[in-house]
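Survey of secondary and tertiary structure
So you can see what is in the structure, the chains are spelled out below.
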Amino acid sequence: MAPRDPAQVLHQVFGYEDFRGDQREIVEHVSGGGDALVLMPTGGGKSLCYQIPALVRDGTGVVISPLIALMQDQVDALRALGVRAGFLNSTQGPQERRDTERAFLDGELDLLYLAPERLRVASTADLLDRGRIALFAIDEAHCVSQWGHDFRPDYLALSELHRRWPDVPRIALTATATRATHTEIAERLDLTDARHFVASFDRPNIQYRIVPKAEERRQLLELLRAEHAGDAGIVYCLSRRKVEQVAEFLTAQGITALPYHAGLEAPVRAANQARFLREDGVVMVATIAFGMGIDKPDVRFVAHLDLPKSVEGYYQETGRAGRDGLPSTAWLAYGLGDVVQQRKMIDESEGDLAHRRRLTQHLDAMLALCETVECRRVNLLAYFGQAGEPCGNCDTCLTPPQTWDGTVAAQKVLSTVWRLKKERNQSFGAGHVVDILLGKQSPKISQHRHDELSVFGVGSDLRDSEWRAVIRQLLARELLAVGGAYQTLALTETSGEVLRGERTVALRRDPERAARASRSRSA
Ligand code: ADP
Ligand code: ZN
């Protein structure tokens, strides 16, 4: 087969117009026989970095990947593009394995996916010796790091590749690497002389802001009028109903806003999307069903009226702003109700305990980003294993939030929840607990004679919105739990530490602006 041009392969085989980011350089470097270590965020397009060189060079590209469960899918997807691909792993029967080996030896494979443990088997090395190898691609290269969360002993053996096949170029790829892991990967895989391509996860032109939710629509409108009049943007909401309502609200305020969610008729969805792409200054109000594959360079803001489920989701959605590199805003309004709602959704989600635990971890990372008093960008990059300096272009950098000693306040909340359970065998939602703390007289209070509780009215030093902020932060840190059909509050394993005074609780003081908004609402 005549050597092919990488750009031609990109067009003809994969059907893409242009390379993305460092792809061109990486592909040319590896196609020319160079070694590479590639750090690129998920979705950055790592696969093409080895797939194209494998097609350009003579022989078979051998891909070492621990993701055995995905191999079949990856191979199927490649075959659909006309690429000759196969895999060898433990899920196969002997006949299938023999067929794949034969195809490799006959030079009829462009790509061969290998589970790392296959390399421990002497026959695999012999097989590779008898065929022609275009390159080695080591996917999920962080698995070689003993300090990482994903260490696989089989990966240590990969340093042998270079010794045994010194002339075959190697490309190692990963999406998660702290600086320390990065160095460790290079050393362990003997890639210190390789060219390193490190894509940053940072989007410096995006200003990250997370504000306490008071009156979300009014807050959104203020943002649009004050900073983004006439700009194109996306407003994300959790539910279809809310999408419709917010789109109507913005339209009534004279803003060109369109709804987008999976419940709309396909032609309506297509028309709205086309208008968003073609016209200037359209605001798309959407569920997360919108955005995948949307490549509009001048989206000036992405606003979230509901809390994303994970930092990955948040990063992906906000990443749709400012692809042209011009200043853009990522704005999220977040409140107690969001925490309650998300915890409830996890409670009610299908799937096993491990699944729910994973969802909880994702949510906790998102909540930590919301409640941080440090640079949002540093927090966000740290999540992806990248170090950063305070950016000067996020809300916490621009107006550093203050903290206060919320230990006593936390104790008041927790002991109210504890007393309700202990003395009355009852549990209530956040709103009622705040009423008890404030000493409010309401029908529900007198019905349950909660004004007789010793904690009734012990919280008159804080306002309603401040108590909600305290509860929100306790929930975010799992010092308090919410659950059940009525989203009632309950203590957690760690609540006791606060109640017994073994643990202090530093809380974020919400910015003045939000406090003012909620005061004017209650006025
Ligand atoms: P990663 O492995 O880094 O997570 P993938 O290789 O799976 O990323 O690529 C993510 C998505 O981007 C895929 O849908 C892929 O087809 C697409 N993609 C990658 N490179 C390009 C490109 N140059 N042009 C258009 N789409 C691309
Ligand atoms: Zn910052």
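Heads up: the structure comes first, above all this text.
One structure accompanies this document, and this report is about it. Just so we're clear, the structure is a prediction, and the values are computed from it rather than from any experiment.

Rules used in this analysis
- Residues numbered from 1 in each chain as written.
- Chains lettered and ligands numbered in written order.
- Predicted model: local features only at pLDDT ≥ 70, side-chain atom pairs only at ≥ 80, totals over all residues.
- Pairing = 2+ DSSP bridges.
- Helix = DSSP H or I, 4+ residues; strand = E, 2+ residues; numbered from the N terminus.
- Axes fitted to C-alpha atoms, helices over the stretch in contact; angles between N-to-C directions.
- Contact = placed C-beta atoms within 7 Å.
- Buried ≥ 20, exposed ≤ 12 C-beta atoms within 10 Å, placed from the backbone.
- Right-handed = clockwise from strand over helix to strand, strands pointing away.
- Near = placed C-beta within 6 Å.
- Nonpolar A, V, L, I, M, F, W, Y, C, P; charged D, E, K, R; others polar.
- Core = buried A, V, L, I, M, F, W, Y, C linked by C-beta atoms within 7 Å.

1. Describing the sheet that holds strand β7 (residues 195-198)
On the basis of which strands lie adjacent, the open sheet formed by seven strands has the order β3-β4-β2-β5-β6-β1-β7 and parallel pairing. Strands at the two margins of the open sheet, each flanked by one partner only, are β3 (85-88) and β7. Geometrically, the sheet is characterised by an average inter-axis angle of 20 degrees between neighbouring strands, direction not taken into account. In the sheet, β3 pairs with strand β4 (residues 111-114) via four bridges, with the strands oriented parallel. Of the residues in β4, the one forming a bridge with leucine 88 is leucine 114. Its contacts with the sheet place helix α3 (residues 47-56) against β1 (36-39), β2 (60-64), β4, β5 (133-138) and β6 (170-174), and it is angled at close to 175 degrees to β5.

2. Some thoughts on the pairing of strand β13 (residues 328-334)
In terms of residue burial, β13 counts as a mostly covered element, since seven of its seven residues are buried. The side-chain alternation of β13 yields two buried faces, one formed by Ser328, Ala330, Leu332 and Tyr334 and the other by Thr329, Trp331 and Ala333. Examined bridge by bridge, strand β8 (residues 206-212) and β13 share seven bridges and lie parallel to one another. Note on β13: the bridge partner recorded for tyrosine 208 is alanine 330. Pairing between strand β12 (residues 301-304) and β13: four bridges, direction parallel. Across the sheet, residue histidine 304 finds its bridge partner in β13, namely leucine 332. Tracing the backbone out of β12, into helix α13 (residues 311-318) and back to the parallel element β13 gives a crossover that is right-handed.

3. Section: the sheet that holds strand β10 (residues 257-260)
Strand order in the open sheet formed by six strands is β8-β13-β12-β9-β11-β10, and the pairing between neighbours is parallel. Whereas interior strands pair on both sides, the edge strands pair on one side only; in this sheet they are β8 and β10. On average, each strand axis in the sheet is inclined to that of its neighbour by 15 degrees, with strand direction left out of account. Bridge count for β10 against strand β11 (residues 283-286) is four bridges, and the pairing is parallel. Paired with proline 259 across the two strands is valine 285, which belongs to β11. Sheet strands in contact with helix α11 (residues 240-252) are β9 (233-236), β10 and β11, and its direction is about 170 degrees off that of β10.

4. Regarding the site of ligand 1
In the vicinity of ligand 1, 13 residues are found, and the nearest of them are Tyr16, Arg20, Gly45, Lys46 and Ser47. When grouped by side-chain class, the residues that make up the shell around ligand 1 number four nonpolar, six polar and three charged.

5. Section: the nonpolar core
One finds Val235, Met284, Val285 and Val413 to be the most contacted residues of the largest nonpolar core, which totals 81 residues. With seven residues, helix α21 (residues 464-476) is the single largest residue contributor to this core. Apart from residues no more than four positions distant in its own chain, valine 413 is found in contact with Val433, Val470, Ile471, Leu474 and Leu480. Grouped together as the second largest cluster of nonpolar side chains are 55 residues, Leu78, Leu112, Leu114 and Ile133 included.

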